[in-house]
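Each chain, written out:
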Amino acid sequence: MSENIEKNKCLIIGSGPAGYTAAIYAGRADLKPIVYQGLQPGGQLTITTEVDNFPGYPEGVKGPEMMEDLKKQSERFGTDVRFGIITRVDFSGKPLKAWADDGKEIRADAVIIATGASAKWLGLESEKKFMGQGVSGCATCDGFFYRGQDVAIVGGGDTAAEEATYLAKLCRKVYMIHRRDELRASKAMQHKVRNTPNIEMLWSHVPVEVLGDFKGVNGLRVKNVKTGEERDLPVTGFFVAIGHQPNSDIFRGQLDIHENGYIVTIPGSTRTSVEGVFAAGDVQDHYYRQAVTAAGTGCMAAIEAERYLSSEK
Ligand code: NDP
């Protein structure tokens with residue numbers, strides 16, 4: 001076998017709470033899993049601040065810290081965690097095949113997909129133009145650069161609410177723009193937003209253009225969707241927090257995938273439409289999308305993979 005071809009029992013694609021939990025269970029079951037971490041090692045929690053709702057942390061925990069702990073825990077049980085991306089798969093026969101950007105071809109008896117979801121963008125030309133020059137998809141990564149300045153954030157979910165309150169600690173003023181007149185965020189987060197004096201809510205508004213020059217963003221044009229009236233907000237930073245897209249592109253044509261991009265699993269399990277392939281976490285869950293449910297389905301996937309491999313024997 002060429003040195004670029006590796007054979008193993010269990011390949012895990014993705015390194016959020018689902019991927020690492022699957023690795024902990026698969027490692028303890030002696031499956032010697034390989035984890036390819038993907039584009040964002042540690043997943044979405046590495047770009048959040050405090051995680052207050054993961055059981056076992058009475059004082060909360062920093063997202064990146066929790067993911068580092070999960071990684072170490074998976075390595076303690078023999079997981080081979082690799083920095084790299086799976087770029088292509090072929091699930092048409094056995095063994096299941098996957099190709100990584102390090103040139104390796106992995107031939108696995110079972111595959112657990114835990115590739116999560118990524119931030120969505122509005123799709124404005126000007127949003128693209130000023131990406132990284134005032135437009136950002138991650139307040140906790142980039143908020144620091146806007147200390148003492150005025151910024152805007154779009155979205156009405158928990159991410160937007162969490163990021164708005166985070167930015168409010170650093171910035172002079174935060175405009176929070178939401179297309180409806182009611183937030184989707186949890187009641188606890190709504191309460192936080194309401195009680196932060198330097199957040200100004202712009203209800204029933206949408207961003208229509210990011211304004212700027214060669215130095216970067218210097219304003220945001222917003223429109224009131226009820227009256228059609230437009231106004232320019234004097235901001236130097238614009239944060240987009242409008243939800244996520246499941247990272248399932250490389251599995252198209254290989255597995256059943258819902259219209260909205262989420263991988264189809266058999267209810268009550270993590271089994272996909274291909275035997276030996278399991279999906280856990282946000283890539284198959286458009287409803288709960290929580291770290292703890294991702295971890296739970298990661299555990300399910302590893303147990304199902306182990307039972308599948310034993311039955312194959
Ligand atoms: P959500 O899908 O919950 O919210 C997306 C928000 O963006 C909605 O308010 C939506 O508006 C708005 N939106 C979507 N598309 C557009 C658009 N094109 N233009 C303008 N606005 C748009 O995503 P989140 O990322 O906020 O949250 C995802 C999941 O993660 C949720 O289950 C959430 O509870 C969870 N989460 C939990 C956290 C925690 O507990 N600490 C922190 C962050 C997220 P509309 O409401 O009108 O649809």
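Thresholds, definitions, all that
- Residues numbered from 1 in each chain as written.
- Predicted model: local features only at pLDDT ≥ 70, side-chain atom pairs only at ≥ 80, totals over all residues.
- Heavy atoms only, no water.
- Pairing = 2+ DSSP bridges.
- Helix = DSSP H or I, 4+ residues; strand = E, 2+ residues; numbered from the N terminus.
- Axes fitted to C-alpha atoms, helices over the stretch in contact; angles between N-to-C directions.
- Core = buried A, V, L, I, M, F, W, Y, C linked by side-chain atoms within 4.5 Å.
- Buried < 20%, exposed > 50% of the residue type's maximum accessible area, 1.4 Å probe, protein only.
- Contact = heavy atoms within 4.5 Å.
- Near = heavy atom within 4 Å.
- Polar contact = N/O pair within 3.5 Å; in protein donor to acceptor, adjacent residues only side chain to side chain.
- Areas by Shrake-Rupley, 256 points an atom, 1.4 Å probe, with all protein chains shown as cover.
- Nonpolar A, V, L, I, M, F, W, Y, C, P; charged D, E, K, R; others polar.
- Domains from an automatic or database assignment.

J.: Just checking my understanding: could you explain the sheet that holds strand β15 (residues 216–224) for this structure?
T.: The strands that make up a sheet are held in pairs by hydrogen bonds between backbone atoms, and each pair lies either parallel or antiparallel. The strand order across the open sheet built from three strands is β14-β15-β16, with neighbouring strands paired in antiparallel fashion. Looking at which strands have only one partner, the edges of the open sheet turn out to be β14 (205–213) and β16 (230–233). Looking at each pair of strands side by side, their axes are set apart by 25° on average, direction ignored. Pairing between β14 and β15: eight bridges, direction antiparallel. Note on β15: the bridge partner recorded for Val206 is Lys223.

J.: Would you mind showing me how to read the nonpolar core here?
T.: Soluble, globular proteins show a tendency: their nonpolar side chains are buried together. In this structure, Ile12, Met66, Ile112 and Phe278 are the most contacted members of the largest nonpolar core, which totals 31 residues. Mapped onto this core, the elements with two or more residues apiece are β1 (5–13), α1 (17–28), α2 (63–76), β8 (105–113) and α7 (291–312). The leading source of residues in this core is α7, at eight residues. When near neighbours in sequence (up to four residues on either side) are disregarded, Met66 contacts Leu45, Phe54, Tyr57, Val61 and Ala291.

J.: What's the story with the site of the ligand in this structure? I'm lost.
T.: Asn53, Asp158, Thr159, Arg180 and Arg184 are the nearest of the 18 residues found near the ligand. At 3.1 Å from a nitrogen atom of the ligand is found a side-chain nitrogen or oxygen belonging to Glu162. When isolated, the ligand has an accessible area of 910 Å², and the protein chains bury 78% of it. Counting residues per element, the shell around the ligand draws most heavily on helix α5 (residues 158–170), at three residues. Looking at side-chain class alone, the shell around the ligand contains three nonpolar, nine polar and six charged residues. Three or more residues apiece are contributed to the shell around the ligand by two domains, here domain 1 (5–118 + 245–312) and domain 2 (121–240).

J.: For this particular structure, what's the right way to read the domain arrangement of the protein chain?
T.: Interfaces are often sized by the amount of accessible area the parts lose when they come together. When cut into domains, the protein chain gives domain 1 (5–118 + 245–312) and domain 2 (121–240). The C-alpha-based centres of domain 1 and domain 2 are spaced at 32 Å.

J.: I tried to follow the sheet that holds strand β11 (residues 150–154) on my own but got confused; where do I start?
T.: Strand order in this open sheet of five strands is β10-β17-β11-β12-β13, and the pairing throughout is parallel. Edge strands, defined here as strands with exactly one partner in the open sheet, are β10 (135–136) and β13 (199–202). Pairing of strand β12 (residues 173–177) with β13 involves four bridges; the strand directions are parallel. In the strand pairing of β13, Met176 is matched with Met201.

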